[in-house]
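Residue-level structure breakdown
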Amino acid sequence: MHPAAVDALIGTPNTPRCTGSPVVLYSQSTNGAPVLWKFSDGNTFLLDTVSVVFNTPGVYTATLYTYGCGYDSMNLPVQVYPTPEVALITDPHVCAYEETAFQVNSGAPFILLGYGDGSVSTESASTHRYTIPGTYTATVTASTLPGCKATDSRVVTVLELPELQATAENTVCTGREASFSGSSTPPPVNCYWRFGDGSFQPGCVAAHAYAQAGQYSAVFSVFAPNGCVHADTLSISATQTP
């Protein structure tokens with residue numbers, strides 16, 4: 001038997017109503033009374049609790065009918081807000097300690113980007129350095145004032161830098177060639193020396209003579225098989241030859 005006198009009452013959780021996400025409504029009508037839901041977009045349901053997805057923002061009307069010997073009804077305007085669009089752009093392969101650019105494209109007013117290593121940013125354009133090789137998932141969440149959210153993720157593989165071994169004489173005499181030697185693990189694809197006086201020489205083993213006395217920074221650079229470039233710097237003191 002249906003209840004003789006019935007009251008229609010709509011309940012709804014206090015959550016954002018966004019396009020593409022379920023909007024939940026439930027009947028708080030007279031216990032045991034059959035119900036019928038009608039929505040202004042044409043959807044109908046016979047369940048006490050309904051979940052409706054709206055793909056277009058706007059105001060929709062939900063009508064709940066509750067039946068007994070007669071019936072009662074209740075209308076509820078449902079404001080559906082647009083879900084923001086968001087896209088995360090970054091390089092999928094980077095080297096440890098390399099400054100990596102991240103670009104977030106979204107019209108949402110609030111952005112939270114997690115780089116996957118515990119660091120975060122709220123900027124649409126940012127840079128980040130990963131210090132430990134491995135695989136990280138960078139995820140951005142874009143939010144609007146009504147509370148609608150969207151996310152996008154990118155997997156970033158951080159490549160290991162080669163281990164360098166660079167040697168040279170710490171003190172040299174001007175006009176006399178000094179030896180410079182370098183290697184790496186794994187073996188490099190290519191390497192070169194910059195001597196700090198504007199000159200450079202390709203190769204892991206080099207010889208160079210400084211024309212002027214002074215302090216120089218000799219830089220040994222390596223191109224690793226994985227594409228990473230790493231460098232080591234040696235301090236060279238050039239003494240004037242009598």
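Higher on the page you've got the structure.
In this report, the structure presented in the accompanying data block is examined. (Residues numbered from 1 in each chain as written. Predicted model: local features only at pLDDT ≥ 70, side-chain atom pairs only at ≥ 80, totals over all residues. Heavy atoms only, no water.)

Now for the nonpolar core. Soluble globular proteins: nonpolar side chains tend toward being buried together. Counting 21 residues, the largest nonpolar core has Leu88, Phe102, Val104, Leu113, Tyr130, Val140 and Val158 as the members making the most contacts within it. Per-element tally for this core: the top contributor is strand β14 (residues 134-143), with 4 residues. Apart from residues lying up to four places away in sequence, valine 140 is in contact with Val86, Leu88, Val104, Ile111, Leu112, Leu113, Ala150, Thr151 and Asp152. Grouped together as the second largest cluster of nonpolar side chains are 18 residues, Val172, Cys204, Ala206 and Ala218 included. (Core = buried A, V, L, I, M, F, W, Y, C linked by side-chain atoms within 4.5 Å. Buried < 20%, exposed > 50% of the residue type's maximum accessible area, 1.4 Å probe, protein only. Helix = DSSP H or I, 4+ residues; strand = E, 2+ residues; numbered from the N terminus. Contact = heavy atoms within 4.5 Å.)

The full count for this structure, using the stated rule, is 3 disulfides. Numbered by order of appearance in the sequence, the disulfide-linked cysteines of the protein chain pair as 1-3, 2-6, 4-5. (Disulfide = S-S within 2.5 Å.)

Pairing in this open sheet of 5 strands is mixed, and the strands run β9-β15-β14-β11-β12 from one edge to the other. Either end of the sheet is taken by a strand with one partner, and the two such strands are β9 (93-95) and β12 (120-121). Pairing of β9 with strand β15 (residues 149-159), which is carried by 3 bridges, proceeds in the parallel orientation. Paired with valine 94 across the two strands is valine 158, which belongs to β15. (Pairing = 2+ DSSP bridges.)

Here we have 5 strands laid out as an open sheet, ordered β17-β23-β22-β19-β20, and mixed in their pairing. Because the sheet does not close on itself, it has two edges, and the strands there are β17 (171-173) and β20 (200-202). On average, each strand axis in the sheet is tilted by 25° relative to the strand beside it, whichever way the strands run. Where β17 meets strand β23 (residues 229-239), 3 bridges bridge the pair, whose relative direction is parallel. Paired with cysteine 173 across the two strands is threonine 239, which belongs to β23. (Axes fitted to C-alpha atoms, helices over the stretch in contact; angles between N-to-C directions.)

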